[in-house]
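# Summary of the model geometry
The primary structure of each chain is shown beneath.
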Amino acid sequence: RDLDGLVGSEMCIETVAVQLSPTVSEIADIKTAVSEAVTNAIVHGYEGTRGTVILRASIDGTLLTIEITDKGRGIADIPQAMEPFFTTHPEQERSGMGFAVMQTFMDDLRVTSTPGQGTTVRMKKRILTTPIM
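The rules behind each value
- All chains use their own residue numbering, which begins from 1 and follows the written sequence.
- Side-chain atom pairs in this predicted model are given and counted only at pLDDT of 80 or more, local residue features only at pLDDT of at least 70, and totals for whole chains, interfaces and linings cover all residues.
- For the side-chain quantities, the full set of heavy atoms in the structure was used; hydrogens and water were omitted.
- Helix and strand assignments follow DSSP, with helices taken as H or I runs no shorter than four residues and strands as E runs no shorter than two, numbered in order from the N terminus.
- Any two residues whose heavy atoms approach within 4.5 Å are treated as being in contact.
- Accessible surface is estimated by sampling points in the Shrake-Rupley manner with a 1.4 Å probe; for residues, cover comes only from the protein chains shown.
- In this analysis, strands are considered paired if DSSP registers two or more bridges between them.
- A fitted line through C-alpha atoms represents every axis, and for helices the fit uses only the stretch in contact; the resulting angles, taken between N-to-C directions, go from 0 to 180 degrees.
- By nonpolar core we mean a set of buried residues, namely Ala, Val, Leu, Ile, Met, Phe, Trp, Tyr and Cys, connected to one another through side-chain atoms within 4.5 Å.
- Any residue under 20% of the maximum accessible area for its type is buried, any over 50% is exposed, and the rest in between are partly exposed; the area is computed with a 1.4 Å probe on protein chains only.

What follows concerns the overall build of the chain. A tally of helices and strands in the chain yields four helices and four strands. Taken from N to C terminus, the helices and strands of the chain fall in the order α-α-β-β-α-α-β-β. A fraction of 64% describes how many contacts in the chain between residues 6 or more apart in sequence connect residues 24 or more apart. Entry remark: accessible area of the chain is about 7600 Å², with carbon and sulfur atoms responsible for 53%.

Moving on, we come to the sheet that holds strand E4 (residues 118-126). Strand pairing within a sheet occurs via backbone hydrogen bonds; the two strands may be parallel or antiparallel. Spatially, the four strands line up as an open sheet ordered E1-E2-E4-E3, and their pairing is antiparallel. In this open sheet, the two strands that pair with only one neighbour each are strand E1 (53-60) and strand E3 (108-114). Between one strand and the next, the sheet's axes are offset by a mean angle of 15°, whatever the strand orientation. Pairing analysis gives eight bridges linking strand E2 (residues 63-70) to E4, with the strands arranged antiparallel. Bridging across to E4, Thr65 finds its partner in Lys124. Helix-sheet contacts for helix H2 (residues 24-45) involve E1, E2 and E4, and the interaxial angle to E4 is about 175°.

At Ser21, a position not held by glycine, the phi torsion is positive, near 55°. Mapping Ser21 onto the fold places it in the loop between helix H1 (3-17) and H2. In this structure, Phe85 takes a positive phi of about 75° despite not being glycine. If you trace the backbone, Phe85 turns up in the loop between helix H3 (78-81) and helix H4 (98-105).

Let's shift gears to the nonpolar core. The biggest cluster of nonpolar side chains holds 26 residues, and the ones touching the most others in it are Ile30, Ile66, Phe99 and Met123. Within the residue set of this core, elements represented by two or more residues are H1, H2, E2, H3, H4, E3 and E4. What Ile66 contacts, discounting residues up to four positions off in sequence, is Ile13, Ile30, Val34, Leu55, Arg56, Ala57, Met106, Val121, Arg122 and Met123.

The alternating pattern of E3 places Leu109, Val111 and Ser113 on a buried face, while none of Asp108, Arg110, Thr112 and Thr114, on the opposite face, is buried. Where E3 lies against E4, seven bridges are found, and the strand directions are antiparallel. For Ser113, the partnering residue across the bridge sits in E4 and is Thr119. Count of turn residues in the E3/E4 antiparallel hairpin: three residues, of which Gly116 carries a positive phi of about 85°.

In structure tokens:
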């Protein structure tokens, strides 16, 4: 796992989100969700091999949309993968709470995936403050 990339993704999303004047709590929620999504892409998408994780963010009014995409192994059963405590790596003491954490901190979470082709996690969060113009 490339921790520099993980920290970089958190800094990148914070730079985008700050345009909406979020609270400290909102920023913490967003960074936690992004960290979980990027970690899942690295650990599960690439299974110890190298690969690229793409982070996209957009703002529409007060709605922040974030996409994390990998071109890794993909997820065969998305509903099962999103169940709390489900893990494909119990030997690594994984908690299986990544998607549950993302759902807790974001307003909307959508996962699309094709086995052998990769996964996209799309998260949305409405920031309740007035955007900076």
